[in-house]
Amino acid sequence: PNTVSKAIEEIAQFNVLMTTIHLQGGMEMIAAANQAKSNTKILGVSLLTSLDESDVQMLYNNKFIEQFNNLIEVAENSEIDGIVCSSRELTLLFDSDLMKVVPGIRNHSFSDDQKRVMTSKEAYGFGANYIVVGRPITQSKNVDEAIREYS
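Cut-off values and rules
- The numbers attached to residues start from 1 for each chain and follow its sequence in the written order.
- At least 70 in pLDDT is required for a residue's local features to be given in this predicted model, at least 80 for side-chain atom pairs to be given and counted, and no such filter applies to totals for whole chains, interfaces and linings, which use all residues.
- By convention in this description, side-chain values take in all heavy atoms of the structure and omit both hydrogens and water.
- When a carboxyl oxygen of Asp or Glu is within 4 Å of a side-chain nitrogen of Lys or Arg, the pair counts as a salt bridge.
- By definition, any uninterrupted DSSP run of H or I lasting at least four residues is a helix, any uninterrupted run of E lasting at least two residues is a strand, and each is numbered from the N terminus.
- Summary of the burial criterion: residues with accessible area below 20% of their type's maximum are buried, those above 50% are exposed, and those between are partly exposed, where the area comes from a 1.4 Å probe applied to protein chains only.
- Any two strands with at least two DSSP-identified bridges between them are counted as paired.
- Throughout, a residue-residue contact means that at least one pair of heavy atoms, one from each residue, lies within 4.5 Å.
- Call a crossover right-handed when, viewed with both strands pointing away from you, the route from the first strand across the helix to the second goes clockwise.

*Asks:* Which parts of the structure should I look at to understand the pattern of salt bridges?
*Replies:* Note that side chains of opposite charge can pair when their charged atoms are close. Going through the model one piece at a time under the given rule, you end up with one salt bridge. The partner of lysine 37 in a salt bridge is aspartate 81, and the shortest N-O contact between them spans 2.8 Å. Taken together, the residues lysine 37 in the loop between α2 (27–36) and β2 (41–45) and aspartate 81 in the loop between α4 (64–76) and β3 (82–84) connect sequence positions 44 residues apart. For lysine 37, a relative accessible area of 15% gives the class buried.

Structure follows, in structure tokens:
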């Protein structure tokens with residue numbers, strides 16, 4: 001909690017809109033981040049989009065859905081501003097007031113390490129507030145065109 005608090009204090013000095021912490025850091029760490037955040041929104045990372053059922057089983061000795069629900073319970077019982085989750089889990093958060101930030105957005109087939117992906121249109125349709133698009137834009141031969149495609 002102390003390390004996260006100091007990091008968030010530094011980040012907040014730069015007028016950053018939002019930043020992430022891991023939900024598995026627990027309630028005390030989330031509280032420390034919230035106390036230090038100023039106007040910066042704190043987003044809790046649930047399960048990385050590069051993980052699938054077998055990865056979660058190996059890492060947490062738990063089923064994916066159960067591990068995800070455990071982390072969402074942490075988020076819902078804290079004062080965190082939002083959650084970072086795969087678009088595949090958005091339906092599980094339909095009734096949640098948390099801001100939903102969704103990485104792993106792929107409008108076309110893209111060979112990389114992302115395992116739980118969806119198109120930008122699908123993600124917004126399922127309740128995403130923000131999407132995160134990385135390599136399909138940063139590795140595009142025409143970045144401006146790629147940005148428009150995901151807008």
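*Asks:* Quick question: what am I supposed to make of the sheet that holds β2 here?
*Replies:* Across a sheet, paired strands are connected by hydrogen bonds in the backbone, their directions being either parallel or antiparallel. Spatially, five strands are ordered β1-β2-β3-β4-β5 in an open sheet, and the strand pairing comes out parallel. The open sheet has two edge strands with one neighbour each: β1 (18–22) and β5 (130–131). Bridging between β2 and β3 involves three bridges; their strand directions are parallel. Paired with glycine 44 across the bridge in β3 is isoleucine 83.

*Asks:* What is the right way to read α2 from this model?
*Replies:* Turn by turn, an α-helix covers 3.6 residues, leaving residues three or four places apart pointing in a common direction. Turning to α2, its buried residues number three or more, namely Met29, Ile30, Ala32, Ala33, Asn34 and Ala36. Buried residues belonging to α2 abut α1 (2–12), β1, β2 and α4. One or two steps after α2, the chain reaches serine 38, where phi turns positive at roughly 55°.

*Asks:* When you look at the pairing of β1 in this model, what are you seeing that I'm missing?
*Replies:* Regular strands show a simple pattern: their side chains alternate between the two faces of the sheet. Burial of β1 is one-sided: the residues Thr19 and Ile21 facing one way are buried, the residues Met18, Thr20 and His22 facing the other way are not. Sheet topology note: the β1/β2 ladder contains five bridges and is parallel. The residue of β2 that forms the bridge with threonine 19 is isoleucine 42. Following the backbone out of β1, through α2 and into the adjacent parallel β2, one traces a crossover that is right-handed.

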